[in-house]
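Here is how the chains run, residue by residue.
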Amino acid sequence: MAFVWQFAEVILAIALAPLFVGWIAQCRAWMQSRSAPPLTQQYRMLRKLFSKDVALAQNASPLFRAAPYVLFATMVLAAAIIPSVVTDLPFARAADAIALIGLFATARVFQSLAAMDIGTSFGSLGARREMMVGFLAEPAILMVFFNAFLLFGTTDLTSLVDNHASHPSVIDPSVIFAAIAFVMVLLAENARIPIDNPATHLELTMIHEAMVLEYSARHLALVEWASSLKLFNYACIGIALFLPWGIAMHGEHMGAVLLALAALIVKLALCGAGLAMIETLSAKLRIFRAPEFLAMAFLVAVLGLLVHLLLGANPNA
Amino acid sequence: MLSLHLSQLDVQLLKLLAAAMLLLSFAMLSARRTQQLITLFAWQGAVLFLSTVLVAHEAGLPELYFSAALTLILKVITLPLILHLLIRRLGAQWDNEQLVNIPVTMLAGLVLVIFAFGLAQPISLLATTVTRHIIGIALAVILLSFLMMITRRKAVTQVIGFLAMENGLFFAATSATYGMPMVIELGIALDLLVAVFILGIFFFQIREQFDSLDLHHLESLREE
Amino acid sequence: MNAQHVADFLNTVLIHPLGLTLAVAACWPVIALACLLRPHSIRYVARFLFPAGALVCVAMFLCAGTFLISGHAPEAMILPLGLPDLPFHVRLDALSAFFLMILGLSGAGISTFAAGYFRSGEGTAPGLLGLHYHVFLASMAVVMLADDAYLFMVAWETMALTSYFLVTSQHRIPEIRQAGFLYLLMAHLGAVCILLCFGVMQGGSWQFTFSAMRSASLTPFWATVAFTLALLGFGAKAGLVPVHVWLPEAHPAAPSPVSAMMSGIMLKTAIYGLLRITFDLLHVRFWQWGVAVLALGLFSGVFGAIFAAVQTDMKRLLAYSSIENVGLIFTGIGLSILFAASHMPLFAALALAAALIHALNHSLFKSLLFLATGSVMHATRQRSLGKLGGLIRFMPWVAALALIGTLASAGLPPLNGFVSEWLLLQAFLFTPQLPHAFVNMLVPLGAAALSLTVALAAYVMVKFYGVIFLGQPREASLHEAHHSNWLERIGLGWLAAGCVVIGVQPQLALHATGQATGMLVGRAVAPEPSIWRIAPVAPEQASYSGWIFMAVILCVVAITFLAVRLLAHGRVRRTAPWDCGYPWQNSRMQDTAEGFGQPIRHMFGAFFLMERTLPSPADLTPRYRIHIEDRFWRVFYKPLASGVQRLADAVAFLQGGRLSFYLLSSFLTLLGLLVFLLWH
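Keep in mind the model is a prediction, meaning the values are calculated, not measured.

**Student:** What's the story with the overall build of chain C in this structure? I'm lost.
**Tutor:** Looking only at helices and strands, one finds 23 helices and 5 strands in chain C. Since a compact globule built from 680 residues should have a radius of gyration of about 26 Å, the 26 Å found for chain C is in line with a globular shape. Its C-alpha atoms give chain C principal-axis dimensions of about 95 × 65 × 65 Å. Within chain C, the proportion of its 680 residues that are buried is 59%. Of the contacts formed within chain C by residues at least 6 apart in sequence, a portion of 79% connects residues at least 24 apart. A total accessible area of about 26600 Å² is found for chain C, and carbon and sulfur atoms account for 69% of it. Distance from the positive charge centre (38 side chains) to the negative charge centre (27 side chains) of chain C: 7 Å.

Dropping the structure here:
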């Protein structure tokens, strides 16, 4: 039974991820008074890309051709680990939150290596910027998980959701700090404004788009799908950490699962709107302001940690 | 009376406000624009006001309501207003300060926070108030404001740093001993007001003299 | 019959593991002497004796491995060698067995590779090279087996000398001679510190066996002095900042298998020594020691990673990356000391296990990468990153195996480098529970420094692999890059297999550390919940499964590939890469190694001493030059060197050249000693 849930959850993530990205794009368009693309735009794009012929650079190596599959696979694995609807998942114990950082790093390194493979200037430019954002974001996200560990005594997302359910609603200040830091990292890691602009093709500013410039057709489709899955996964991690209410617990029946599914969709819709709001309200930063942005994320997470250590020691004063 | 039991929710809320206070201090440390800084200062005052009201309510000390009201009038409304007017008159509202490396300043700030927390631990063991855990944060706010004054070079920001430091002191007093005696508080409030006026006049003098509010011009005043 | 033999053999191993280990180690000197029989025959020395040495390494690995798994009690022996009243003591326990296992495992791969790598014209006659190489191996084994200070120092110095000769095997090049000299100097400074440390630890008993030192009771002051000396001495060998300066000079100077050996194994002898002295002989007395080691380790980690990111020579890049990894190992040790001295044995065991596994992992992936650079250098005669590129098309085997090393070194799951870093981060999670004010707030920030180091390592590794193997060849000559030979591939493959196996089945490594952590801090990490995953503290706290990672990723790749082929199509059209509307680009216009390091230079400028000359826009032959120097040279070593020079000048008058003057000073010394005797 657990494996059925596992499989269903993975399929759900793969299917919903493009929709989530489409939803954010739609919210953004509304907020910016533009006419929005249809929600299914991402799916149409994927279908179009899968049907095209691959235009592959003459000197592309096997690494370049394998990377989209690896990227997609790492993101699917991450989706299998993160409890988004049910916690009763056999693969969820394969990694705690810290190992998930490692998994995302694997995807990042593969994408950067593939970007350097053709040997065009844009590729390596994007690769080194991506790696730069990566090494700035990792300490910050680690501190977020450190906060979660101090609050719930675990970095395992499943146990975290379970523990959260058993101690309802303690508004610890460190949770708020951690949440702010997490959102900042999410924006940076998923190539969103203010670090990167997913809709740009302006050379001087792009990161993600520069890396995938040489990809086309099915390879590009897989890369894009993987990056929407990444955003989806990050959103689900955020939900598991900060808004876990509603996720079906160990061994619950069908009704609870359906409820959990509905809760997930509502939460994702809200998260998506929130992200669109942030992206609408902020401007793209210069690339060398990115360290500042991520240093702030790190700082906020560490402050949460310190505040917890000082104030959380004795809650009853 | 001092060991009155605070309800769980209020403690949570108070901690939250304390944390917000700390966060605002860091935001001030990294803010680039003077105008932004004044807004942040006003927010800090507002948080201070709220936490004072909360402590007053929970500890049942009516005189604390007075200091809360004083905070609201002085630090949330009057001083920011004066400062806003001042920078508009000085034409300094878009002043953009070239700060020393922000991440490095932030790290220095973090170290200060840890130092303050460590320092406050023995003090908070001595204090008997329900809010004693917040002393560390208040101390950190004072030190961070000091750090802000060190890293800034514009005259207006120096004054804001000074005012923020007073915020921290007030916060420390509220949390450690439920505030200072009323007379002292009133005196300090008056001092602040006067100080801001005098410093405002100074700004005009400095600008007249050097055509700028950058404090490094003052270096030329020393005796050779 | 056959099974009987095997059982008998296993019995012998289990009953006399120490004797067997010594016998195996003794094979290396025999091979070394055999090298001298036909010192100029490359076929005899390289193709015949080096593989034999590799087999001995495998035997050593098996010996040490069985000892660890069987949980045999420590075994000691007194050899009938050495000084009259100070015979050699040897001892095999879990700690030495663990490090012998590293020696065997990595040594086997390196020796096999070396068999294919060495060819005539390496500067030194192959026979001499083989002699030094195998004595070097044997001396490292003896360092780990020694049970008295005398034998330890003899082996330690033999190790330093033989490695010095190996580093300077191309002694006709002045830079290499210089690098070798620096190495020798630092090695001896370190050795002096270790010697003094032993002097302190014997505590007036004049007993130099380790068992005597173990029971000696030192005052806190002298224990701290001994610890500081050990940290300095072993730190100098391991490449800990600030005594790291020899490492980025000596590693690139040596032939690649020797660099691999030094970085992969020799640095670990220093880790071994520090663990032996701090935990086993000094019994971790104060948590402040842990803070010192932790701080130095974290600083070395960040420092090494930052410097590696701006290097343009591939072996120097790897050398700095070794500093970074040594920093991570020291971080684990420091954390373990901190926990152990605060009476938290489980977490101490966790941190120590992480450090030990990282030592094992580093020896595997760093050897692999150094050897891969060796193949690249032989194939292209280039070592500067600026002149390489695109080699994945000409050397697919080396590129594929180096990719495994690269990913492992970048600390990515499901390979081995990730396992140890994950364990270390898990250990960090418990630091807020430390019972010391300030420390429990500052140390958690170390986790951030650690993750910064690991992420920077990934940056460095992307640069390393991307610039060498990916992109377009930056020189026309690279098109003629030839394949590596099969012995080289076997060597690389052995190490890569090690990286993968430990990555997907970390239980093996964790289990192997159990004995050692049990011996040093009194317990092992929690037993794993199943053979599929590890959970160092508790399964509901955190767990990791390399198997699931590997299996799911491979399955999804396969399924996706098939699905895309079935549901869509597999058509490919080869075209030129997009040139941005500027068709005059050539391969020299690619991003360079310097370019890739630019964000790091921009962000961490304070670490470097940079000298940069930029061309003017009107320059017709523009040249960009950047020189990056280590600040430690300026602030630490230059004053020291000039001080020593001044001192030497001051006493130079003694060397007047007149024989009678020398005789007079000898005579006066003799008289002085006689008077001293009379006095007592």
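From this point, the discussion proceeds with the structure in view.
**Student:** What am I meant to see in the domain arrangement of chain C here?
**Tutor:** Quoted interface sizes are often the accessible area lost when the parts come together. Residue and element names in this part refer to chain C. By domain assignment, chain C separates into domain 1 (284-567) and domain 2 (608-651). For domain 1 and domain 2, the distance between their C-alpha centres works out to 32 Å. Domain 1 puts 6 residues into the contact, and the matching count from domain 2 is 5 residues. Taken over both partners, the interface formed by domain 1 and domain 2 buries close to 450 Å², and the fraction arising from carbon and sulfur atoms is 85%. Sorting the residues of domain 1 by area buried against domain 2 places F303, F307 and V310 first, and these three jointly supply 73% of that buried surface. Run the count over domain 1 and domain 2 and you get 0 residue pairs in polar contact (both at pLDDT 80 or more). Looking at the side of domain 1 that touches domain 2 residue by residue, the classes come out as 6 nonpolar, no polar and no charged.

**Student:** Just to check I follow, could you spell out the nonpolar core for this structure?
**Tutor:** Nonpolar side chains tend to gather and get buried jointly when the protein is soluble and globular. Ranked by size, the top nonpolar core spans 443 residues in total, and within it L22 of chain B together with F152 of chain C carry the most contacts. In terms of residue count, the dominant contributor to this core is helix 14 (residues 345-380) of chain C (24 residues).

**Student:** It is not clear to me how the interface of chain C and chain B should be interpreted in this structure. Could you clarify?
**Tutor:** Between chain C and chain B, the residue contacts involve 5 residues of the former and 6 residues of the latter. Carbon and sulfur atoms supply 84% of the area that chain C and chain B bury against each other, a total of about 540 Å² over both sides. It is F438, M441 and L445 of chain C in chain C that bury the most area against chain B; as a group they hold 77% of the surface buried on that side. The interface formed by chain C and chain B holds 0 salt bridges in total. Across the chain C-chain B interface, the total number found is 0 residue pairs in polar contact (both at pLDDT 80 or more). Among the residues making up the side of chain C that touches chain B, the classes are represented as 5 nonpolar, no polar and no charged.

**Student:** Mind showing me how you'd approach the interface of chain C and chain A here?
**Tutor:** Counting from both sides, the interface comprises 76 residues of chain C and, opposite them, 77 residues of chain A. For the pairing of chain C and chain A, the buried interface totals around 6500 Å² over both sides, and the portion due to carbon and sulfur atoms is 71%. For the pair chain C and chain A, the interface holds 3 salt bridges. Measuring nitrogen to oxygen at the nearest pair gives 3.7 Å for the salt bridge that ties R393 of chain C to D117 of chain A. One can count 33 residue pairs in polar contact (both at pLDDT 80 or more) joining chain C with chain A.

The rules behind the values
Residues numbered from 1 in each chain as written. Chains lettered and ligands numbered in written order. Predicted model: local features only at pLDDT ≥ 70, side-chain atom pairs only at ≥ 80, totals over all residues. Heavy atoms only, no water. Helix = DSSP H or I, 4+ residues; strand = E, 2+ residues; numbered from the N terminus. Rg over C-alpha atoms; globule rule 2.2 N^0.38 Å. Buried < 20%, exposed > 50% of the residue type's maximum accessible area, 1.4 Å probe, protein only. Contact = heavy atoms within 4.5 Å. Areas by Shrake-Rupley, 256 points an atom, 1.4 Å probe, with all protein chains shown as cover. Lys, Arg positive; Asp, Glu negative; His and termini not counted. Charge placed at Lys NZ, Arg CZ, Asp CG, Glu CD. Domains from an automatic or database assignment. Buried area = accessible area lost by both parts, 1.4 Å probe. Polar contact = N/O pair within 3.5 Å; in protein donor to acceptor, adjacent residues only side chain to side chain. Nonpolar A, V, L, I, M, F, W, Y, C, P; charged D, E, K, R; others polar. Core = buried A, V, L, I, M, F, W, Y, C linked by side-chain atoms within 4.5 Å. Salt bridge = Lys/Arg side-chain N within 4 Å of Asp/Glu carboxyl O.

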